[in-house]
Amino acid sequence: MYEINSYHFNPETFEEYKTWVINEVIPFLRANLDLVGFWLDNIEEPELGGPSHREHDLGPVNSMWIARWKSMEERNRIKEEVFSSEEWQQIKSNLPDPD
């Protein structure tokens, strides 16, 4: 099972966000999850297509990560442990522009 998490982060503070992700988030996720990939972008306008695409009110996705899970039970258990940890709370407190 794969889980895709996508975010629309404020373009005005995106460079700060990228630094935070590269220095803090990705190392943490790699150490605690089966992280398949992490994507960051704010350079090119998205190319939307297909019969059911729509633009999001917050603009295009500019941050995405994918995790692999053996089951929904594993996902729920591990995510609860990992994202309630003190280490994650400290990392999260450093998030630029938390709104």
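In this report, we go over the structure that sits alongside the text. Just so you know, these numbers come straight off a predicted model, no measurement behind them.

Focus on the packing of helix α1 (residues 14-32) against helix α2 (residues 72-83)
Alright, step 1. With their axes 11 Å apart at the nearest point, α1 and α2 run at an angle of 135° to one another. Here α2 runs oblique to α1, going by the angle between their axes. In the crossing of α1 with α2, the sense of the turn from one axis to the other is right-handed. Where α1 abuts α2, its residues Phe28, Leu29 and Asn32 lie against Ile78, Val82 and Phe83.
Alright, step 2. Taken together, the residues of the contact of α1 with α2 break down into five nonpolar, one polar and no charged.

A look at the side chain of Asn62
Alright, step 1. Here Asn62 shows up in the loop between β2 (35-40) and β3 (63-68).
Alright, step 2. Using a relative accessible area of 6% as the deciding quantity, one classes Asn62 as buried.
Alright, step 3. A distance of 2.7 Å separates a polar atom in the side chain of Asn62 from the backbone oxygen of Phe9.
Alright, step 4. Non-local contacts of Asn62, meaning those with residues more than four positions away in its chain, are made with Tyr7, His8, Phe9, Phe14, Trp39, Leu40 and Asp41.

Cut-offs and rules
Residues numbered from 1 in each chain as written. Predicted model: local features only at pLDDT ≥ 70, side-chain atom pairs only at ≥ 80, totals over all residues. Heavy atoms only, no water. Axes fitted to C-alpha atoms, helices over the stretch in contact; angles between N-to-C directions. Helix = DSSP H or I, 4+ residues; strand = E, 2+ residues; numbered from the N terminus. Parallel < 35°, antiparallel > 145°, perpendicular 65-115°, else oblique. Left-handed = near helix turned anticlockwise from the far one by under 90°. Contact = heavy atoms within 4.5 Å. Nonpolar A, V, L, I, M, F, W, Y, C, P; charged D, E, K, R; others polar. Buried < 20%, exposed > 50% of the residue type's maximum accessible area, 1.4 Å probe, protein only. Polar contact = N/O pair within 3.5 Å; in protein donor to acceptor, adjacent residues only side chain to side chain.

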